[in-house]
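Commentary on secondary and tertiary structure
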Amino acid sequence: MKKATYSQEHAKYLKKRKLNLATVWALRIGVLVLLFGFWELSTALGWVDPFIMSSPSRICATIQSLYRDGSLFYHIGVTLAETLIGFVIAVALGVTIALALWWSDTLRRVLEPYIVVLNALPKIALGPLIIIWFGTGSKAIVFMTVLVGIIVAIMHMLSAFIATDKNKILLLKSMGATKLQILRKLVIPSSFASFISMLKVNVGMAWIGSIMGEYIVSRAGLGYLIVYGGQVFKLDLVMTATCILCLLAAGMYFLVVLLEKVLVKNTEN
């Protein structure tokens with residue numbers, strides 16, 4: 001492959017852009033280091049009670065303890081599997097239902113009030129019913145994850161489908177395009193940005209749903225560790241599980257960002 005050549009001005013622009021990106025990442029890491037450093041210093045100097053607030057050093061010690069007894073990756077794996085399965089199902093069903101609602105105006109007018117009500121319903125209120133329906137295993141937690149994320153997916157994608165340029169739709173119709181062709185050639189491609197935005201939002205919703213489910217009923221997972229740690233006043237365990245959750249959620253979010261870059265690059269090519 002031939003190496004791409006750029007003008008001097010464009011090369012300067014790319015260099016400036018890379019420098020800006022490096023600066024942003026350095027500042028991000030610096031803020032994180034300062035935050036954890038101040039946290040550790042506050043507990044070491046007795047400004048806050050380490051029993052209540054824990055500290056980075058105590059969290060590291062708790063992680064080592066969980067790793068030594070073999071439970072660290074087990075609990076991470078349980079929560080990660082439940083979250084990913086619920087995320088995928090919620091996105092797939094949400095996009096499919098949004099397509100169906102876009103396709104049929106009558107169906108949309110009938111179901112839209114129910115979707116709004118379901119979105120406003122506190123999902124935690126369905127906890128006892130979910131336990132009765134699905135038992136006390138992972139199925140209940142996955143269902144809670146789907147329930148939290150599916151409405152977000154439906155509403156995001158339906159709004160994107162409906163917002164498609166009406167003039168372009170009329171133009172395609174005047175050229176004899178069928179509704180399926182309009183969907184494939186115009187509606188879906190124009191909704192790409194909204195789809196990525198929906199994925200980013202649903203990453204957080206998936207973790208909320210899975211942890212909410214583990215609060216209600218779980219025998220393993222990071223949510224289980226948080227509940228157990230709170231019950232027996234092992235607050236180091238609570239903070240450790242919370243920090244691991246933050247890392248996993250951030251990692252999943254950056255995977256969506258990476259997917260966006262790959263799809264944009266393929267679209268441009």
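So, here is what we can say about the structure in this document.

Points about the nonpolar core
In this structure, Phe87, Met198, Leu199 and Leu222 are the most contacted members of the largest nonpolar core, which totals 44 residues. Looking at this core, the elements with two or more residues in it are helix 4 (72-103), helix 7 (138-162), helix 9 (179-190), helix 10 (192-216), helix 11 (222-231) and helix 12 (235-268). Each residue touching Met198, except ones within four places of it in the same chain, is listed here: Val91, Val95, Val152, Ala153, His156 and Met157. Counting residues in hydrophobic clusters, the runner-up holds eight residues, among them Leu126, Met144, Val148 and Met212.

Side note on the environment of Leu72
Turning to its location among the elements, Leu72 is positioned in helix 4. Of the residues examined, Leu72 reaches a relative accessible area of 10% and is grouped as buried. In sequence terms Leu72 and Tyr228 are 156 residues apart; their C-alpha atoms lie 15 Å from each other. Leu72 has contacts with Ile63, Leu66, Tyr67 and Ile244, leaving out every residue within four places of it along the chain.

Concerning the state of the cysteines
Scanning all chains against the criterion turns up zero disulfides. Cys60 carries a free sulfur, and the closest cysteine sulfur to it, the one in Cys243, is 9.1 Å from it. With relative accessibility at 46%, the residue Cys60 sits in the partly exposed group. You can see Cys246 has no disulfide; the closest cysteine sulfur is in Cys243, sitting 6.1 Å from it.

Some details on the pattern of salt bridges
Under the defined criterion, the tally for this structure stands at three salt bridges. Here Arg58 makes a salt bridge to Asp236, at a shortest N to O gap of 3.0 Å. Linking Arg58 in helix 3 (residues 56-68) with Asp236 in helix 12, this pair joins segments that are 178 residues apart in sequence. The partly exposed category is assigned to Arg58, whose relative accessible area is 30%. The residue Arg108 makes a salt bridge to Asp105 at a minimum N-O spacing of 3.0 Å. Of this pair, Arg108 and Asp105 both sit in helix 5 (residues 105-120), separated by three residues, roughly a single helical turn.

Scoring rules and cut-offs
- Residues numbered from 1 in each chain as written.
- Predicted model: local features only at pLDDT ≥ 70, side-chain atom pairs only at ≥ 80, totals over all residues.
- Heavy atoms only, no water.
- Core = buried A, V, L, I, M, F, W, Y, C linked by side-chain atoms within 4.5 Å.
- Buried < 20%, exposed > 50% of the residue type's maximum accessible area, 1.4 Å probe, protein only.
- Helix = DSSP H or I, 4+ residues; strand = E, 2+ residues; numbered from the N terminus.
- Contact = heavy atoms within 4.5 Å.
- Disulfide = S-S within 2.5 Å.
- Salt bridge = Lys/Arg side-chain N within 4 Å of Asp/Glu carboxyl O.

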